[in-house]
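# Structural description and commentary
Below, each chain spelled out in residue letters.
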Amino acid sequence: MTPRSRKNAVSNFNVMVVGFSGVGKTSFVRTLLETLLLEEQVEDTPSKKRRDSFMSENSSVYVHEEQQLQGPIEKTLTPYTISREIEVDRERIVLTIIDTPGFQQEYLVDKQLHDITKYIEHQFDLTLAEESKVKRNPKAVDTQVHCCLYFIDPKKSALDEFDIRILKRLSNRVNVIPIIGKADHLTLAQRNRLKPSIIKDIYTNYKIPIYGMPDEDLDEEDDDEEEEEEKEKTKAPQSLDDFLSQFDYEKEDNDTQSVLDYLRIIPFTFISYEDEPETGKPIQLDNDIKLGRDFGWGSIDCLGEKYSDFVKLKHVLLSTHRRYLKLDTVERYYEQYRTERLMYKRATKIGLPTQ
Ligand SMILES: Nc1nc2c(ncn2[C@@H]2O[C@H](COP(=O)(O)OP(=O)(O)OP(=O)(O)O)[C@@H](O)[C@H]2O)c(=O)[nH]1
């Protein structure tokens, strides 16, 4: 690659939002796009809006223009993607967000989940097809879903059986990061109870391999089984806090520190801004607070770190963890899918029963 082409290289970063209906997914997409727009205005850089129609190959997914996300918020009935070209850490990225219809009736959860995983797998199939071409397209776009934000309803006091089922299924195909939507519904005490309860279910009770969760098997590959069992009994941390307490943060390298920072925050809380009904523009509290929410008895800055983890989440997604999320997608999820496909093909060829 010449220095010139590297300079002009644009990489893709694709984030999906999933969760029950009404937990604030579309509002999150709007908030994220609005903060990117505000940043552009501060930096006084020319608009880098760019629509990217790569997802349209999947006919059931629409490609939205940004204007389509303005106006009164409506229920998402069909999945759509929206893309914007941004610059992060001097790198140009096409950020694509895939918004999905919320889960509704419980009996439909499995059907909707099936559609979402099929969509993710379809992107792997596109990569597989590209890789098996004799002459690969150097301009092929990376459509894989690098991260899935799973929105949890703040009214629940813990994950329910559906959340657990969804998280397990999704974590088998994509990097999942849990988010508590509409966090203004929680008092500080409720938030401080809900976060550890969700982590306890994910880490201790159900061992769901969401993004960043420690993989205890990796270090013990060479040990024989008995030794491994013995070690696990004595060593496996009982909680994520126990796991984190094994590290001396100051002595760790930057990569480890950023994983530890991430593990200490999850699940991220999020509060979306509201539009002024009269103007249709975001509620602005003063010159510094551009994305607010007004309750009548008071108002809050939706980006304020006192109320919400949005700023940290945005930094994790677009800056500190983007590279790891992309690497994990290829090395962990795509490779696993590819192996499964090859095994399936081989099994069908020699007539073995497939599942
Ligand atoms: N109080 C509060 N309300 C919110 C927040 N985010 C969204 N809402 C409101 O909740 C309702 C649903 O928000 P959406 O963003 O459409 O939720 P969704 O998860 O995309 O819903 P579906 O499209 O049905 O999947 C809207 O009336 C929003 O204004 C929030 O952070 N706090």
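Summarised in this report is the structure supplied together with it. (Residues numbered from 1 in each chain as written. Predicted model: local features only at pLDDT ≥ 70, side-chain atom pairs only at ≥ 80, totals over all residues.)

### Some points on the overall build of the protein chain
What the protein chain contains, in helices and strands, is 10 helices and 9 strands. Going through the 355 residues of the protein chain one by one, you find that 29% of them count as buried. (Helix = DSSP H or I, 4+ residues; strand = E, 2+ residues; numbered from the N terminus. Buried ≥ 20, exposed ≤ 12 C-beta atoms within 10 Å, placed from the backbone.)

### Quick word on the environment of Leu240
On the secondary structure map, Leu240 appears in helix α7 (residues 240–245). For Leu240, a count of 19 C-beta atoms within 10 Å gives the class partly exposed. With 38 residues separating them along the chain, Leu240 and Ile202 place their C-alpha atoms 9.4 Å apart.

### A closer look at helix α3 (residues 109–131)
Compared with the 33 Å implied by 1.5 Å per residue over 23 residues, the 33 Å span of α3 between its first and last C-alpha is a close match. Within α3, the full set of buried residues consists of Ile116, Ile120, Gln123 and Phe124. (Expected span 1.5 Å × (residues − 1).)

### Description of the site of the ligand
Lining the immediate environment of the ligand, one finds 17 residues, of which Ser21, Gly24, Ser27, Thr76 and Gly102 sit closest. With 3 residues, the single largest contributor to the shell around the ligand is helix α2 (residues 25–43). For the shell around the ligand, a count of residues per class yields 4 nonpolar, 9 polar and 4 charged. (Near = placed C-beta within 6 Å. Nonpolar A, V, L, I, M, F, W, Y, C, P; charged D, E, K, R; others polar.)

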